[in-house]
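Given next are the chains, with one letter for each unit.
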Amino acid sequence: MTTSELEILFKTHYAAMFRLAMSLLYDEDESKDVVSDVFASLLDGGLAIRSDNARGFLLTCVRNSCINVIRHKQMRERFMKLYSNRAEPLADGPDDSLTLAELRGYIDNNLPPLPRRIFTLRYLHDMTCQQVAETVGVSRMTVHHHLSQSMEKINAYFNITKQ
């Protein structure tokens, strides 16, 4: 896709894409990020678009990206709750005695160096995914991938069910 084609798509569809993202995320900055990411994927060739249904395709991309953001927020909220400094147990279930020390011990001893660093920067140092990506020298998608896998491993190990 050429830059001029992308510019035409941007001028034609940005407003509708942004409105859709706002209706799903209720956050102006996140909505702008989602729409920008869709256009960035088009520019770098990560997405291929058919000209006969550009509007539908772009709105579907925005919707799917918003769903991913919402899912990530839900996971992040659960892990912020788990990873906060609290004295009470961190999990409900068969073993109610999961402590912050046990969680940190698992992370330190069972996650490979890159996922451990990404997880720690994101949740312990409260950096954004973009900041983590720049600090570590990887893409935002790589950060999301490692966070997702780390969360799945932690959930499975401690038998934490999704709410």
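Quick note: structure is the one above.
Small disclaimer: the values here were computed from a predicted structure and weren't measured. All chains use their own residue numbering, which begins from 1 and follows the written sequence. Per-residue local features of the predicted model are confined to residues with pLDDT of at least 70, and side-chain atom pairs are confined, for both listing and counting, to 80 or more; whole-chain, interface and lining totals are unaffected and use all residues. The side-chain numbers reported here are obtained from all heavy atoms of the structure, hydrogens and water having been left aside.

1. Details of the packing of aromatic side chains
Each Phe, Tyr or Trp ring, with Trp reduced to its six-membered ring, pairs with another whose centre is within 6.5 Å; inter-plane angles below 30 degrees give stacked pairs, above 60 give edge-to-face pairs, and intermediate values give tilted ones. Within the structure shown, the criterion is met by four aromatic pairs. Taking 4.8 Å as the distance between ring centres and 40 degrees as the angle between the ring planes, the aromatic pair formed by Phe 10 and Tyr 14 counts as tilted. With a gap of four residues between them, Phe 10 and Tyr 14 both fall in helix 1 (residues 3–25), about one helical turn apart. Relative accessibility decides the category of a residue: with a 1.4 Å probe and only protein chains considered, values under 20% of the type maximum give buried, values over 50% give exposed, and everything between is partly exposed. Under the relative-accessibility criterion, Phe 10 is labelled partly exposed at 38%. For Tyr 14, a relative accessible area of 23% corresponds to the partly exposed category. Ring centres of Phe 10 and Phe 39 lie 5.1 Å apart, and the angle between their planes is 65 degrees; this geometry places the pair in the edge-to-face category. Here the residue Phe 10 occupies a position in helix 1, and Phe 39 occupies one in helix 2 (residues 28–43), the gap between them amounting to 29 residues. By relative accessible area, which is 6% here, Phe 39 ends up buried. Here the aromatic residues Phe 10, Tyr 14, Phe 18 and Phe 39 are joined through ring pairs into a cluster of three or more. Helix and strand definitions here come from DSSP, where helices need a minimum of 4 consecutive H or I residues and strands a minimum of 2 consecutive E residues; each element is numbered from the N-terminal end.

2. Focus on the nonpolar core
Here, the term nonpolar core denotes a set of buried Ala, Val, Leu, Ile, Met, Phe, Trp, Tyr and Cys residues that are joined through side-chain atoms within 4.5 Å. Of all hydrophobic cores here, the largest spans 18 residues; its most connected members are Ile 107, Ile 118, Phe 119, Val 132, Val 143, Leu 147 and Ile 154. Of all the secondary structure elements, the ones that give two or more residues to this core are helix 4 (100–110), helix 5 (113–124), helix 6 (129–136) and helix 7 (140–157). Whether two residues touch is decided by their heavy atoms; if any such pair falls within 4.5 Å, the residues are in contact. Leave out the neighbours within four places in its chain, and Leu 147 touches His 72, Ile 118, Phe 119, Arg 122, Tyr 123 and Cys 129. If you look at the next biggest cluster of nonpolar residues, it comprises 16 residues, including Leu 9, Ala 21, Leu 58 and Cys 66.

3. Considerations on the pattern of salt bridges
Any Lys or Arg side-chain nitrogen found within 4 Å of a carboxyl oxygen on Asp or Glu counts as a salt bridge. A full pass over the atoms with the stated rule returns three salt bridges. Taking the shortest distance from any N to any O, the salt bridge between Lys 11 and Glu 7 comes out at 3.1 Å. On the criterion of helical spacing, the pair formed by Lys 11 and Glu 7 is a turn pair, its members being four residues apart in helix 1. You can call Glu 7 partly exposed: its relative accessible area is 43%. Notably, a salt bridge pairs Lys 32 with Glu 28, separated by 3.2 Å at the nearest N-O pair. Taken together, the residues span about one helical turn, with Lys 32 and Glu 28 both in helix 2 at a distance of four residues.

4. Overview of helix 5
Expected span of a helix, by definition, is 1.5 Å for each gap between consecutive residues, and there is one gap fewer than residues. Given a rise of 1.5 Å per residue, twelve residues ought to cover 16 Å, and the 15 Å separating the end C-alpha atoms of helix 5 matches this to within 8%. Taken as a whole, helix 5 has its buried residues at Pro 115, Ile 118, Phe 119, Thr 120, Leu 121, Arg 122 and Tyr 123. After helix 5 finishes, the residue Asp 126 shows a positive phi value of roughly 55 degrees.

5. Description of the packing of helix 5 against helix 6
Contact pair helix 5 / helix 6: the axes reach a minimum separation of 9 Å and the direction vectors enclose 135 degrees. In terms of their interaxial angle, helix 5 and helix 6 are classed as oblique. Helix-helix and strand crossings are classified by hand; for helix 5 and helix 6 the assignment is right-handed. Here Leu 114, Arg 117, Ile 118, Leu 121 and Arg 122 of helix 5 lie close against helix 6, whose contacting residues are Cys 129, Val 132, Thr 135 and Val 136. Its residues assigned to classes, the contact of helix 5 with helix 6 comprises six nonpolar, one polar and two charged. Helix axes are fitted only over the stretch in contact, all axes being lines through C-alpha atoms; the angle between N-to-C directions runs from 0 to 180 degrees. Note on angle classes: values under 35 degrees are labelled roughly parallel, values over 145 roughly antiparallel, values of 65 to 115 roughly perpendicular, and the remainder oblique. Handedness of a helix crossing follows the sense of rotation of the near helix relative to the far helix, less than a right angle counterclockwise being left-handed and clockwise being right-handed. Lys, Arg, Asp and Glu make up the charged group, whereas Ala, Val, Leu, Ile, Met, Phe, Trp, Tyr, Cys and Pro make up the nonpolar group; the residues left over, Gly among them, are polar.

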